[in-house]
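Spelled out, the chains give:
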Amino acid sequence: MTSIFFRSIKFLIGAGFVFVLLLALISSITGLIKEPPKQTAEQALHKHPKELDIASNGPLGKFDLGQLQRGFKVYKEVCAACHSLHMISFRNLKDLGYSDAQVKKIAKEWAMKQPVFDEKAGTWGERDNIPSDHIPKVYYAGTGNPPDLSLITKARHDGAAYVHSLLTGYGEKPDPAVAAKFPEAMKTPEGMHFNPYFANLNIAMPPPLTSEGQVQYDDGTRASVDQMAKDVSAFLVWTAEPTLQVRHQAGAAVVIFLLFATVLAYGAYLTVWRGMKH
């Protein structure tokens, strides 16, 4: 009798917890239906990145070396003053088709030099970059290091599409009807710049790509703002995953091998069990 009594008590306590949970769930759902949460400025004004078609997209994507070289030139002449690529060495640029002499020249002429510490004098100095050096970090006294771009296309959802949309999105204005609902959000703080593709709508970075021909391409490609943004986005895909093309090729080879092995295994199965009743 005592056992049945205690089991009954446990059952009632459990049923009580279930009832309370169901009551809370029903109350929450009813509240959301009657008073749905108000839309925030970020939800109303923030835009998702536009689709970007580059050669490295997809499971069989591969790098367009010409585009990567153009993207590197945009990075070097526009972005490198503020953003480093500290996970990339100068010698890695040979993968883009540059010769040893070109890489050596690029490293030596790079605006940011390598910091060196003189142990005897106890002071810091600088030296020219060499091919084995990583691209130096950018540092501003009082503000620190701006974001490194080595892995930016992996660190942001939609990767290259996000970078491209951000770079070309400064001039885009929101729908006036939607903007009218959030007048406070449309007041860009001093020193900030409105960009609907940035998470909180206002970004400290001023528009880096401002006019056609800002960079002169060696291959004669028309350097429109959209083209420069597209090229540097493709280049940053490479910095984030230099072995992407090799990985895609290895993946394709493995899939082909597995399909072939499956056919052989099925043929062996038919041969071994031929004439046998299952």
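Our subject is the structure listed above.
The numbers attached to residues start from 1 for each chain and follow its sequence in the written order. Predicted model: local features are reported for residues with pLDDT of at least 70 only, side-chain atom pairs are reported and counted for 80 or more only, and whole-chain, interface and lining totals are derived from all residues. For side-chain calculations, the full set of non-hydrogen atoms in the structure is used, while hydrogens and water are omitted.

1. Re the overall build of the chain
Note the cut-off: Numbered from the N terminus, helices here are DSSP runs of H or I no shorter than four residues, and strands are runs of E no shorter than two. As a reference, a globule follows 2.2 Å times the number of residues to the power 0.38, and the radius of gyration itself is taken over C-alpha atoms.
Within the chain, the secondary structure is distributed over 9 helices and 4 strands. Its helices and strands taken in sequence order, the chain reads α-α-α-α-β-β-α-α-α-β-β-α-α from the N to the C terminus. Here the chain has a C-alpha radius of gyration of 29 Å; the compact-globule value for 278 residues is 19 Å, and the former is much larger. Its C-alpha atoms put the chain at 90 × 75 × 55 Å along the principal axes.

2. A few points about the packing of helix H3 (residues 65–79) against helix H8 (residues 225–240)
Here is the rule: Throughout, an axis means a line fitted to C-alpha atoms (over the contacting stretch in the case of helices), and angles, computed between N-to-C directions, take values from 0 to 180 degrees. The scheme is simple: roughly parallel for angles under 35 degrees, roughly antiparallel for over 145, roughly perpendicular for 65 to 115, oblique for anything else. Contacts are assigned to residue pairs with any non-hydrogen atoms lying within 4.5 Å of each other. Throughout, the ten residues Ala, Val, Leu, Ile, Met, Phe, Trp, Tyr, Cys and Pro are labelled nonpolar, Asp, Glu, Lys and Arg are labelled charged, and all others, Gly among them, are labelled polar.
Across the interface, H3 lies against H8 with an axial gap of 7 Å and an inter-helix angle of 100 degrees. The angle between the axes of H3 and H8 places the two elements in the roughly perpendicular class. Mapping the contact onto sequence places Gln67, Leu68, Arg70, Gly71, Phe72, Val74, Tyr75 and Cys79 in H3 and Gln227, Met228, Lys230, Asp231, Val232, Ala234, Phe235 and Trp238 in H8. Here the contact of H3 with H8 is built from residues that sort into 10 nonpolar, 3 polar and 3 charged.

3. A few points about unusual backbone geometry
In this structure, Asp158 is a non-glycine residue whose phi angle is positive, near 75 degrees. With respect to the helices and strands, Asp158 occurs in the loop between helix H5 (152–155) and helix H6 (159–168). In this structure, Leu201 is a non-glycine residue whose phi angle is positive, near 75 degrees. Position of Leu201 among the secondary structure elements: in the loop between strand E3 (193–194) and strand E4 (202–203).

4. A word on the packing of aromatic side chains
To keep it simple, the criterion reads: In summary, the pairing rule links any two rings of Phe, Tyr or Trp, Trp by its six-membered ring, whose centres are within 6.5 Å, and it sorts them by plane angle into stacked for under 30 degrees, edge-to-face for over 60 and tilted for everything else. The buried label applies to any residue whose accessible area, calculated with a 1.4 Å probe on protein chains only, is under 20% of its type's maximum; exposed applies above 50%, and partly exposed to all values in between.
A full pass over the atoms with the stated rule returns 9 aromatic pairs. Ring geometry for Phe72 against Tyr98: centres 5.8 Å apart, planes inclined by 65 degrees, an arrangement best described as edge-to-face. Pair noted here: Phe72 is in helix H3 and Tyr98 is in the loop between H3 and helix H4 (100–109), with a separation of 26 residues, a long-range link. Taken as a pair, Phe72 and Tyr98 share a single burial class, namely buried. Their ring planes at 20 degrees and their centres at 6.1 Å tell us that Phe72 and Trp110 sit as a pair that is stacked. On the criterion of sequence distance, the pair formed by Phe72 in helix H3 and Trp110 in the loop between H4 and strand E1 (114–118) is long-range, its members being 38 residues apart.

5. Considerations on the pattern of salt bridges
Using the following cut-off: Each salt bridge in this description consists of a side-chain nitrogen of Lys or Arg and a carboxyl oxygen of Asp or Glu lying within 4 Å of one another.
Taken as a whole, this structure holds 12 salt bridges when the rule is applied. Measuring nitrogen to oxygen at the nearest pair gives 3.4 Å for the salt bridge that ties Glu172 to Lys50. Here Glu172 is found in the loop between H6 and helix H7 (176–179), whereas its partner Lys50 is found in the loop between helix H2 (41–45) and H3, with 122 residues between them in sequence. Overall, the relative accessible area of 32% leaves Lys50 in the partly exposed class. In this structure, the salt-bridge partner of Glu241 is Lys154, at a minimum N-O distance of 3.3 Å. Here Glu241, found in the loop between H8 and helix H9 (244–272), pairs with Lys154, found in helix H5; they are 87 residues apart in sequence, far enough to count as distant.

6. Side note on the environment of Arg222
Within the secondary structure, Arg222 sits in the loop between E4 and H8. Taking the C-alpha atoms as reference points, Arg222 and Glu212, separated by 10 residues in sequence, lie 8.1 Å from one another. Leaving out residues up to four positions away in the same chain, Arg222 has contacts with Glu212, Tyr217 and Gln227.

7. Looking at the nonpolar core
In a soluble, globular protein the nonpolar side chains are often hidden away together inside. Stated formally: Buried Ala, Val, Leu, Ile, Met, Phe, Trp, Tyr and Cys residues form a nonpolar core when they are joined through side-chain atoms within 4.5 Å.
By size, the foremost hydrophobic cluster in this structure holds 44 residues, and its most contacted members are Phe72, Tyr75 and Leu93. At 8 residues, H8 tops the list of elements feeding residues into this core. Apart from the residues within four sequence positions on either side, Tyr75 is in contact with Ala80, His83, Ser84, Leu85, Trp110, Ile135, Leu149, Val232 and Phe235. Residues Leu45, Phe182, Ala185 and Leu201 belong to the second largest nonpolar core, which totals 6 residues.

8. Re the state of the cysteines
What counts, and what does not: The criterion for a disulfide is a pair of cysteine sulfur atoms lying within 2.5 Å.
On inspection of all chains with the given rule, the structure shows 0 disulfides. Free cysteine Cys79: the closest other cysteine sulfur is in Cys82, separated by 8.6 Å. Relative accessible area serves as the criterion here: at 35%, Cys82 is assigned to the partly exposed category.

9. Examining the packing of H6 against H8
Under the convention used in this document: In this scheme the crossing of two helices becomes right-handed for a clockwise turn of the near helix relative to the far one and left-handed for an anticlockwise turn of less than a right angle.
Running from N to C, H6 and H8 point in directions that differ by 150 degrees, and their axes come no closer than 9 Å. Classified by the interaxial angle, the pair formed by H6 and H8 is roughly antiparallel. The interaxial crossing formed by H6 with H8 has right-handed handedness. Along the contact surface, H6 presents Ala160, Val163, His164, Leu167 and Thr168, while H8 presents Val225, Asp226, Ala229, Lys230, Val232, Ser233, Leu236 and Val237. When the residues that make up the contact of H6 with H8 are grouped by side-chain class, the tally is 8 nonpolar, 3 polar and 2 charged.

10. Digging into the environment of Gly125
By the secondary structure assignment, Gly125 is in strand E2 (residues 123–127). Here the alpha-carbon distance between Gly125 and Gln114, two residues 11 residues apart in the chain, equals 8.4 Å. Residues in contact with Gly125, not counting those within four places in the same chain, are Gln114, Pro115 and Val116.

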